[in-house]
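Residues per chain, in single letters:
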Amino acid sequence: MPVILVTDVLVWLLVAAAAGYAYYCRRHDHLAAPWRRVFASRAAMVSLVVLCAYLAAGLADSLHFRARLESGGPGAPAAYSNEVMSLLDVAVGDLRTRSEKTYSAPFATRLYAKELIELPGGKSVRDYPRLRFGGAHLKTEADRGADVAAKALAALAAAVAVWGALGWALRGFARSRPGVPWRAAWLALGALLALAAPAFALSGGYHVLGTDKVGQDVFYLSLKSIRTSLVIGTLTTLVMLPLGAAVGIMAGYFKGWVDDVIQYAYTTLNSIPAVLLIAASVLMMQVYIDTHPELFPTTAQRADLRLLFLCVILGLTSWTGLARLLRGESLKLRELEYIQAAHAFGVSHARIIGRHILPNVMHIIIISLVMDFSGLVLAEAVLSYVGVGVDPSTTSFGTMINNARLEMAREPMVWWALAAAFWFMFVLVLVANLFADAVRDGFDPRVRVGGGGA
């Protein structure tokens with residue numbers, strides 16, 4: 001039975017809007033030209049390949065359903081599980097259910113903590129017990145190295161075959177667009193397949209990134225955390241973008257009392273500690289959720305509402321930086337000759353803002369939003385640390401880091417959960433920033449003017 005979450009609907013609406021915008025740009029050359037400059041960048045194409053991998057995982061985790069249970073007889077009504085699953089859960093197979101008792105290191109065959117083990121003769125010894133799933137297929141633990149190498153090489157060979165087949169199938173498409181650095185994108189895809197294929201192949205017999213305190217696979221948790229980061233980074237901008245862009249441009253363009261009121265508003269908002277404001281809002285929302293349990297049939301729907309509300313609160317408290325930047329740029333643009341000429345010819349304010357001001361500040365909007373993406377991902381980690389972030393049942397990089405905080409202090413140290421969350425977040429933020437730089441260079445009118453005169 002399909003389960004429709006609010007964030008799922010918003011995510012897919014964003015995908016539809018992006019597809020519609022791409023189709024519209026393709027039909028209008030003046031809009032397609034900046035994107036052609038973006039995709040002429042090697043860094044942009046490499047970043048786009050990695051971003052598409054993250055988006056694929058996030059979108060697969062945005063299709064939710066409840067599995068049907070076996071009915072008691074032919075005429076019995078259909079019954080469905082209370083657990084909400086996603087397409088990603090189906091794709092990763094048994095990673096979701098292959099839980100151990102507690103910590104285990106990457107590729108380990110035994111637990112990370114000693115326990116009292118009863119021997120066949122009745123004696124007891126304190127040792128590291130074997131894992132239930134990790135390396136359970138091995139006849140002897142000495143075969144682990146050879147087994148890992150064989151599976152990794154087989155997966156790598158399959159990845160090379162897929163990589164070559166894709167290159168052969170798309171060679172005609174690449175030749176029809178000679179201005180795009182396809183070689184860089186193809187090499188990035190090869191590197192991605194070379195890392196992903198062995199990881200997924202080995203995850204069937206081992207815990208590639210180890211397990212956490214309750215025995216959950218860290219690789220699975222890292223994949224599930226991607227959707228939370230994408231939702232917070234994208235849906236928050238839906239709240240921040242219209243508000244920040246509108247008030248920033250209005251303050252710089254109209255000046256006078258409009259500018260004074262807007263400056264007073266965002267100065268007052270900035271004087272309130274953001275963490276306290278977010279904490280108070282999230283706690284109020286949590287009280288509402290706890291007092292109205294009948295509105296949330298499943299735990300996933302309750303956690304989804306809290307995630308959505310967190311996006312709204314972050315957006316309402318994060319628009320001031322964008323507004324300041326756009327106010328300063330609009331103050332400069334309104335004094336240029338073509339703006340003054342438009343005023344002289346009686347062009348309306350709305351048309352001047354839409355046709356002259358907004359296109360010339362679009363590069364600021366794009367680079368600010370993408371740069372804020374990394375800040376929002378980190379903000380979720382901070383809020384989860386203080387207990388006012390996402391719902392505890394929601395998997396995110398913030399909750400992983402918060403849980404790993406105490407694990408780093410134990411002896412022996414459990415480092416793999418923190419390392420996994422860090423590297424997944426690091427790569428996501430890095431490629432987003434690199435792509436943002438390419439978009440800025442493609443859309444910035446000052447860069448276009450400089451390139452035209454060269």
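Residues numbered from 1 in each chain as written. Predicted model: local features only at pLDDT ≥ 70, side-chain atom pairs only at ≥ 80, totals over all residues. Heavy atoms only, no water.

Before going further, it helps to examine the nonpolar core. Val38, Leu223, Ile226, Phe397 and Phe424 are the most contacted members of the largest nonpolar core, which has 41 residues in total. Tallying contributions element by element places helix H15 (residues 416–443) first for this core, with 13 residues. In terms of nonpolar packing, the next biggest core, distinct from the first, is built from 24 residues, Met240, Val258, Ile353 and Leu369 among them. (Core = buried A, V, L, I, M, F, W, Y, C linked by side-chain atoms within 4.5 Å. Buried < 20%, exposed > 50% of the residue type's maximum accessible area, 1.4 Å probe, protein only. Helix = DSSP H or I, 4+ residues; strand = E, 2+ residues; numbered from the N terminus.)

Okay, the pattern of salt bridges next. Scanning the model with the defined rule gives 13 salt bridges in all. Asp61 is the partner of Lys224 in a salt bridge, and the nearest nitrogen-oxygen pair spans 2.9 Å. Here the residue Lys224 occupies a position in helix H8 (residues 218–254), and Asp61 occupies one in the loop between helix H3 (42–60) and strand E2 (64–69), the gap between them amounting to 163 residues. By relative accessible area, which is 3% here, Asp61 ends up buried. Of the charged contacts in the structure, one is a salt bridge between Glu329 and Lys332, with a shortest N-O distance of 3.5 Å. Separated by 3 residues within a single helix, Glu329 and Lys332 lie in helix H11 (residues 299–333), roughly one turn from each other. Accessibility expressed as a relative area gives 43% for Lys332, which makes it partly exposed. Several salt bridges converge on common partners, so that one network encompasses Asp8, Arg227 and Asp304. (Salt bridge = Lys/Arg side-chain N within 4 Å of Asp/Glu carboxyl O.)

With that settled, consider the packing of H8 against helix H9 (residues 256–271). The N-to-C vectors of H8 and H9 enclose an angle of 140 degrees; their axes lie 7 Å apart at closest approach. Remark: the crossing between H8 and H9 carries left-handed chirality. Residue-level contacts link Val247, Met250, Ala251 and Phe254 of H8 to Gly256, Val258, Asp259 and Ile262 of H9. Of the residues contributing to the contact of H8 with H9, the split by class is 6 nonpolar, 1 polar and 1 charged. (Axes fitted to C-alpha atoms, helices over the stretch in contact; angles between N-to-C directions. Left-handed = near helix turned anticlockwise from the far one by under 90°. Contact = heavy atoms within 4.5 Å. Nonpolar A, V, L, I, M, F, W, Y, C, P; charged D, E, K, R; others polar.)

Our focus in this paragraph is the packing of aromatic side chains. By the definition in use, this model includes 14 aromatic pairs. Look at Phe173 and Trp182: their rings are 5.6 Å apart centre to centre, the planes differ by 65 degrees, and that puts the pair in the edge-to-face class. Given a relative accessible area of 27%, Trp182 falls into the partly exposed group. Arranged with centres 5.0 Å apart and planes meeting at 85 degrees, the rings of Tyr253 and Phe254 form a pair that is edge-to-face. Here Tyr253 falls in the buried class, since its relative accessible area comes to 1%. Given a relative accessible area of 37%, Phe254 falls into the partly exposed group. Between the NZ or CZ atom of Arg171 and the centre of the ring of Trp168, over which it lies, the distance is 3.8 Å. (Phe/Tyr/Trp six-rings, centres within 6.5 Å; stacked < 30°, edge-to-face > 60°. Lys NZ or Arg CZ within 6 Å of the ring centre and 35° of its normal.)

Let us now look at H3. Between its first and last C-alpha atoms H3 spans 27 Å; for 19 residues at 1.5 Å apiece the expected length is 27 Å, and the two agree. Among all positions in H3, only Ala44, Met45, Ser47, Val49, Val50, Leu51, Tyr54, Ala57, Gly58 and Ala60 are buried. Where H3 begins, one side-chain oxygen reaches toward the backbone nitrogen of Ala43, 3.4 Å away; that side chain belongs to Ser41. (Expected span 1.5 Å × (residues − 1). Polar contact = N/O pair within 3.5 Å; in protein donor to acceptor, adjacent residues only side chain to side chain.)

Looking at the element boundaries, Ser104 is found in the loop between helix H4 (87–91) and strand E4 (115–118). Since its relative accessible area comes to 0%, Ser104 is described here as buried. Side chain to side chain, Ser104 and Thr211 meet in a polar contact 2.7 Å long. Filtering out sequence-adjacent residues up to four positions away, Ser104 remains in contact with Arg110, Tyr112, Leu131, His207, Gly210, Thr211 and Trp416.

This part covers the packing of H3 against H8. The contact between H3 and H8 brings their axes to 8 Å, and the two run at 100 degrees. Relative to H8, H3 is oriented roughly perpendicular. Counting all contacts with H3, which are made through Tyr54, Leu55, Ala57 and Gly58, the residues of H8 involved are Ile226, Arg227 and Leu230. The residue makeup of the contact of H3 with H8, split by class, is 5 nonpolar, 1 polar and 1 charged. (Parallel < 35°, antiparallel > 145°, perpendicular 65-115°, else oblique.)

Moving on, we get to helix H5 (residues 144–169). If you check H5, its first and last C-alpha atoms are 37 Å apart, about what 26 residues at 1.5 Å a residue would give, namely 38 Å. Here H5 has its buried residues at Asp147, Val148, Ala152, Ala155 and Ala159. Where the residues of H5 are buried, they touch helix H7 (182–202).

Just distances and angles here, no functional claims.
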